[in-house]
Amino acid sequence: MRRVVVTGLGMVCPIGNDVQTSWENALAGKNGIDKITRFDASSFGCQIAGEVKDFDIAQYMSPKEARRYDRHLHYGVAAGVQAIRDAGFDFDKEDLTRFGCAVGSGIGGLPMICENDQVLLERGPRRVSPFMIPGVIINMISGQLSIMFGFKGPNIAHVTACSTGLHAMGEASWMIRRGDADVMVAGGADASICPVGVAGFDNIHALSRRNDDPAHASRPFDKDRDGFVMGEGAGVVVLEEYEHAKARGAKIYAELVGYGLSSDAFHITTPNMDGPKRCMEMAMLRAGITPDQIDYLNAHGTSTGVGDVNETKAIKEAFGEHAKHLVVNSTKSMTGHLLGGAGGIEAIFTILALQNQVSPPTINIFELDPECDLDYCANEARPMKIRYAMKNSFGFGGTNGTLIFKRVED
């Protein structure tokens, strides 16, 4: 079986517009959540979010072209360009029919759809932008990156709600393993901080309403958590066949050794324990390892009452006695929940934790929920030995994904 390694990283998120800044801020426990500035949220139950700050799309495409696309595409393209540049290819020496893209989104261009709907209602159909459709559809991040770099291999986008970014990486790894491509640019992006996006999540009682204290609103596993905080951004990696990477002398961050996926088959928005448990077990089976070989787990950890307890129970079922020896953390405590982009940025945090042998903290843990009784690396980063690292992502509809990364010593 062909091996798959990570050779490039790219990220835009509420605690940084590049990988290095985001990683340094994650280790420092920096909060990226504040009052919403995208629109007047004063009449909303939830008035806080993890917005991307000081982002300049002109670094990645012309302002004229950028106006044609929704923000989620801006973030996805930016993260993809960063990852490709980081991988350091000499494209004059590469067969670009062996390069592909798999960058998806959980929701896609919701703000741009809403803006054009308003134009339609106020100014009539002829005023709707002719660029709206290509500006909002979910596969356009992969399409844009393919066009920008001339990649002629697979060009695809996955949509699995909040597990999108992770599933995109997992499915892209299988494309490499079975020989469809040698290199895949994979991840996820979302940017749904807009009136209808916030109202929709808030009205199903999913969002935190700690409006007077945004810095402490996202608090996974804490007994006083009251919902997740919506974030925005993108996380994209370059996955590469090991021999191809080795032959060109590539920098290798980690090896992707396990991928699991499952369905709860239970409820549209409420999780159950069996699906995540089986997902983690499948990833370990495919990696050919036992639970006691995993040292670190970047949890889905959204800061919802049901979700955090459910994931904790699933981890204990999947890992047995070893669960109490795991270090589990949720970087959503700092970034909020990036929806379809969450799995992408959190997989990168997982890779960097493995490479640097340190777990970022889960901030805002003041008193653990008694049902959340694992080691969540509370409030301070922790240097530690990490041999294998696991990443979980779960989504509405009962969809689950798990990745396992291994440190590459050679």
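Let me begin by describing the structure that accompanies this report. (Residues numbered from 1 in each chain as written. Predicted model: local features only at pLDDT ≥ 70, side-chain atom pairs only at ≥ 80, totals over all residues. Heavy atoms only, no water.)

## Regarding the pattern of salt bridges
Okay, step 1: Summed over the entire model, instances satisfying the criterion amount to 25 salt bridges.
Okay, step 2: Among the salt bridges present, the one from lysine 223 reaches aspartate 224, with a minimum N-O distance of 3.3 Å.
Okay, step 3: Residue class for lysine 223 comes out partly exposed when judged on its relative accessible area of 38%.
Okay, step 4: Residue class for aspartate 224 comes out partly exposed when judged on its relative accessible area of 38%.
Okay, step 5: Salt-bridge contacts for lysine 313 lead to glutamate 371; the nearest nitrogen and oxygen are separated by 3.5 Å. In this pair, lysine 313 is assigned in helix α11 (residues 305-319) and glutamate 371 in the loop between β11 (358-359) and β12 (382-383), connecting sequence segments 58 residues apart.
Okay, step 6: Glutamate 371 gets classed as partly exposed once you look at its relative accessible area, which sits at 42%. (Salt bridge = Lys/Arg side-chain N within 4 Å of Asp/Glu carboxyl O. Buried < 20%, exposed > 50% of the residue type's maximum accessible area, 1.4 Å probe, protein only. Helix = DSSP H or I, 4+ residues; strand = E, 2+ residues; numbered from the N terminus.)

## Considerations on the sheet that holds strand β14 (residues 399-406)
Okay, step 1: Spatial strand order, β5-β4-β6-β7-β1-β8-β14-β13-β9-β10: 10 strands in an open sheet with mixed pairing. The sheet terminates laterally at β5 (155-156) and β10 (327-329), the two strands that pair on one side only.
Okay, step 2: Note that strand β8 (residues 254-263) and β14 share eight bridges and pair antiparallel. When the sheet's bridge partners are listed, glycine 258 is paired in β14 with isoleucine 404.
Okay, step 3: Lying on the sheet, helix α10 (residues 274-287) is in contact with β8, β9 (294-298), β13 (388-395) and β14; it crosses β8 at an angle near 145°. (Pairing = 2+ DSSP bridges. Contact = heavy atoms within 4.5 Å. Axes fitted to C-alpha atoms, helices over the stretch in contact; angles between N-to-C directions.)

## Some words on the pairing of strand β6 (residues 183-190)
Okay, step 1: The element β6 is largely enclosed, with a buried count of eight among its eight residues.
Okay, step 2: Of the two faces of β6, the one holding Val183, Val185, Gly187 and Ala189 and the one holding Met184, Ala186, Gly188 and Asp190 are both buried throughout.
Okay, step 3: Examined bridge by bridge, strand β4 (residues 99-104) and β6 share six bridges and lie parallel to one another. Following the sheet pairing, glycine 100 is matched in β6 by methionine 184.
Okay, step 4: As judged from the eight bridges shared by β6 and strand β7 (residues 233-241), these two strands associate in the antiparallel manner. For valine 185, the partnering residue across the bridge sits in β7 and is valine 238.

## Notes on helix α6 (residues 140-149)
Because the α-helix completes a turn every 3.6 residues, residues three or four places apart line up on one side.
Okay, step 1: Most of α6 is tucked away: seven of the 10 residues are buried.
Okay, step 2: Taken residue by residue, α6 has Met140, Ile141, Ser142, Gly143, Gln144, Leu145 and Ser146 as its buried positions.
Okay, step 3: Here the buried face of α6 lies against α2 (63-66), α3 (71-87), β4, α5 (132-136), β5 and β6.

## Re the side chain of serine 208
Okay, step 1: With respect to the element layout, serine 208 can be found in the loop between α8 (195-202) and β7.
Okay, step 2: A polar side-chain atom of serine 208 sits 2.7 Å from a polar atom in the side chain of aspartate 226. (Polar contact = N/O pair within 3.5 Å; in protein donor to acceptor, adjacent residues only side chain to side chain.)

## As for the packing of helix α7 (residues 164-177) against helix α13 (residues 342-356)
Okay, step 1: Packing of α7 against α13 brings their axes to within 5 Å, and their N-to-C directions diverge by 65°. When the interaxial angle is binned, α7 and α13 end up roughly perpendicular. Taking contact as the criterion, the partners of Gly165, Leu166 and Met169 in α7 are, on α13, Gly343, Gly344 and Ala347.
Okay, step 2: Residues belonging to the contact of α7 with α13 are distributed by class as follows: three nonpolar, three polar and no charged. (Parallel < 35°, antiparallel > 145°, perpendicular 65-115°, else oblique. Nonpolar A, V, L, I, M, F, W, Y, C, P; charged D, E, K, R; others polar.)

## A closer look at unusual backbone geometry
Okay, step 1: Of note in the backbone geometry, serine 303 takes a positive phi value of approximately 85° without being a glycine.
Okay, step 2: Along the chain, serine 303 turns up in the loop between β9 and α11.
Okay, step 3: Positive phi outside glycine occurs at asparagine 364, with the angle close to 70°.
Okay, step 4: Within the secondary structure, asparagine 364 is located in the loop between β11 and β12.

## So, the pairing of β7
Okay, step 1: The buried count for β7 comes to nine of nine residues, which makes it a mostly enclosed element.
Okay, step 2: Burial of β7 is two-sided: the residues Gly233, Gly235, Val237, Leu239 and Glu241 facing one way and the residues Ala234, Val236, Val238 and Glu240 facing the other way are all buried.
Okay, step 3: Sheet topology places strand β1 (residues 4-12) next to β7; eight bridges connect them, and they run antiparallel. The residue of β7 that forms the bridge with glycine 8 is valine 238.

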